[in-house]
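Per-entry structural report
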Amino acid sequence: MTFTDLLETLKNEEYIYIQTHNFPDHDAVASAFALQYLLGELGVESRLIYEGDIQRDSLVQMIDELGIEIMHSGSHSMTEEDRIIIVDGCKGNKNVADLIGDEVGVIDHHQVEKPDDVPFADIRPGYGACSTIIFSYYRDFGVTIPRNAATAMMIGINMDTALLTRGVSRFDIEAYAEMYDLSDIRLQNSILRNYIQTKDLEFYRHAIDNVRIANEIAFCYFPEGCNQNLLGILGDFFLALEEVEFVILCANNGGNINFSLRSEKSDWNAARTIQNVLDGIGFGGGHGDLAGGMIPAGRMFDPDWILNKFRSLLLKGG
């Protein structure tokens, strides 16, 4: 099924939802928002939903400033007849809730398996951001990108590629260049620069005091918890160290052990590594240079054991 085919099937549907992954980041919300506008221009109305929490204040600012109407899935009385398009995530992944409704589309840029039971699947792991995929639809259909959607997608691309320094493709560069003059650069820069708050400094303090660095691998555990988005920010912080090529951060969040990985070494694939380490005890995925995972609540967790498992695997070649 093509995107055009998907549009035709949706035009007669009453309730269509665009779902992000459970703890949406800037790229997920931007992709959903830009897709919603595009669908509207092509005759299909939709609603934006997520399951979980919106954790970062800079994302709340983006949502407020750009007038993005996204709500928790529990705010809607969904039925099995409703249609769902998943963006920046994939059906079957643990970070995408299986909501009531029929998943008819998946749009993602992660290294995932295409689901057999979803009619439309556009999965491009070579892209640095899901926003770039949505941009390509605007180009294909000749729809002018409005200022707020362009701003959101620019923020999404910048956040997911660490300002075009990580996992970026030529397609991301093309999208960036074309949308630059269409977007609100002042707002974009404000959100990109002001992405942490003073309350986050205690997590930086814990990380600096407790990080373990050896063999180009940095590891830190947060026994009192740390939200997943901040784990990623802290991972980038440690990856800036000259002596570090691979970062493993994990936190006990309500009994679940969340992981965030960063890699600058091509031989140390973050997605493959987290999948191998957590095989049988949890799950994970992502990209070669960044990935995440989780050990579900109720399982024993020993940070020393998990660090040794990571080190053993990486030092054998990843």
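Use the structure listed above.
Report on the accompanying structure. (Residues numbered from 1 in each chain as written. Predicted model: local features only at pLDDT ≥ 70, side-chain atom pairs only at ≥ 80, totals over all residues. Heavy atoms only, no water.)

1. With respect to the overall build of the chain
Note the threshold: In this description a helix means any DSSP run of H or I spanning at least four residues, a strand means any run of E spanning at least two, and both kinds are numbered starting from the N terminus. To sort residues, take the accessible area from a 1.4 Å probe on protein chains only and compare it with the maximum for the residue type: under 20% means buried, over 50% means exposed, and anything in between is partly exposed. Method for areas: the Shrake-Rupley scheme with a 1.4 Å probe, in which residue coverage is limited to the protein chains shown. We score Asp and Glu as negative and Lys and Arg as positive, and we do not count His or the chain ends. Working definition for charges: the position is that of NZ of Lys, CZ of Arg, CG of Asp or CD of Glu.
When its secondary structure is counted, the chain shows eleven helices and twelve strands. If you line up the chain on its principal axes, its C-alpha atoms span 55 × 40 × 35 Å. Considering the chain as a whole, with its 318 residues, one finds that 52% of them fall into the buried category. When the accessible surface of the chain is totalled, it reaches about 14,200 Å², and 46% of it is carbon and sulfur. Looking at the chain, you have 24 positive and 48 negative side-chain charges, and the mean spots of the two groups are 5 Å apart.

2. So, the side chain of His 21
The following threshold applies: Two N or O atoms form a polar contact when they lie within 3.5 Å of each other; inside protein one atom must be a possible hydrogen donor and the other a possible acceptor, and for residues adjacent in sequence the pair counts only when both atoms belong to side chains. Residues are treated as being in contact if the distance between any of their heavy atoms lies within 4.5 Å.
Along the chain, His 21 turns up in the loop between β1 (16–19) and α2 (26–41). Within the structure, the side chain of His 21 is placed 3.2 Å from the side chain of Asp 88, a separation counted as a polar contact. The residues contacting His 21, other than those within four sequence positions of it, are Ala 28, Tyr 50, Glu 51, Val 87, Asp 88, Asn 95 and Val 96.

3. Description of the sheet that holds strand β8 (residues 217–222)
We apply this condition: If DSSP finds at least two bridges between two strands, the strands pair. For helices, the fitted line uses only the C-alpha atoms of the stretch in contact; every axis is such a line through C-alpha atoms, and the angle between N-to-C directions lies from 0 to 180 degrees.
Strand order across the open sheet formed by six strands is β7-β8-β9-β10-β12-β11, with mixed pairing between neighbours. On the outer flanks of this sheet lie β7 (212–214) and β11 (283–286), each paired with one strand and no other. If you compare each strand with its neighbour and ignore which way they point, the axes differ by 15° on average. Here three bridges tie β7 to β8, and the two strands are oriented antiparallel to one another. Bridging from a neighbouring strand, Ile 213 pairs with Ala 218 of β8. Lying on the sheet, helix α8 (residues 201–210) is in contact with β7 and β8; it crosses β8 at an angle near 125°. Across the sheet, helix α11 (residues 303–315) lies against β7, β8, β9 (246–253), β10 (256–263) and β12 (290–295), angled at about 160° from β8, the strand it touches most.

4. As for the nonpolar core
Short version of the rule: In plain words, nonpolar cores are sets of buried Ala, Val, Leu, Ile, Met, Phe, Trp, Tyr and Cys residues tied together by side-chain atoms within 4.5 Å.
In terms of nonpolar packing, the biggest core is built from 51 residues, with Phe 3, Leu 35 and Ile 107 touching the most fellow members. Of all the elements, α2 adds the most residues to this core, at eight residues. With residues up to four places along the chain from it excluded, the contact list for Ile 107 reads Leu 35, Ile 85, Ile 86, Val 87, Asp 88, Gly 89, Phe 120, Asp 122, Cys 130, Ile 133, Ile 134 and Tyr 137. If you look at the next biggest cluster of nonpolar residues, it comprises 22 residues, including Phe 219, Leu 261, Ala 270 and Leu 307.

5. Focus on helix α5 (residues 147–160)
Cut-off, in case you're wondering: A helix is expected to span 1.5 Å for every residue after the first.
The terminal C-alpha atoms of α5 lie 20 Å apart, and with 14 residues this matches the ideal 20 Å at 1.5 Å per residue to within 8%. Of the positions making up α5, those classed as buried are Ala 149, Ala 150, Thr 151, Ala 152, Met 153, Met 154, Ile 155, Gly 156, Ile 157, Asn 158 and Asp 160. Along its buried surface, α5 packs onto α2, α3 (57–66), α4 (130–141), α6 (170–180) and α7 (185–193). Immediately beyond the C-terminal end of α5, within one or two residues, lies Ala 162, with a positive phi of roughly 50°.

6. Details of a nonpolar patch on the surface
Rule in force here: In this analysis, a patch consists of residues with relative accessible area above 30% that form no salt bridge, clustered at 9 Å for like charges and at 5 Å for the nonpolar side chains Val, Leu, Ile, Met, Phe, Trp and Tyr. A pair is scored as a salt bridge if a Lys or Arg side-chain nitrogen falls within 4 Å of a carboxyl oxygen belonging to Asp or Glu.
A contiguous nonpolar patch, built from Tyr 195, Ile 196 and Leu 201 and spanning about 240 Å² of accessible area, is present on the exposed surface. In this structure, Tyr 195 sits in the loop between α7 and α8. Using a relative accessible area of 33% as the deciding quantity, one classes Tyr 195 as partly exposed.

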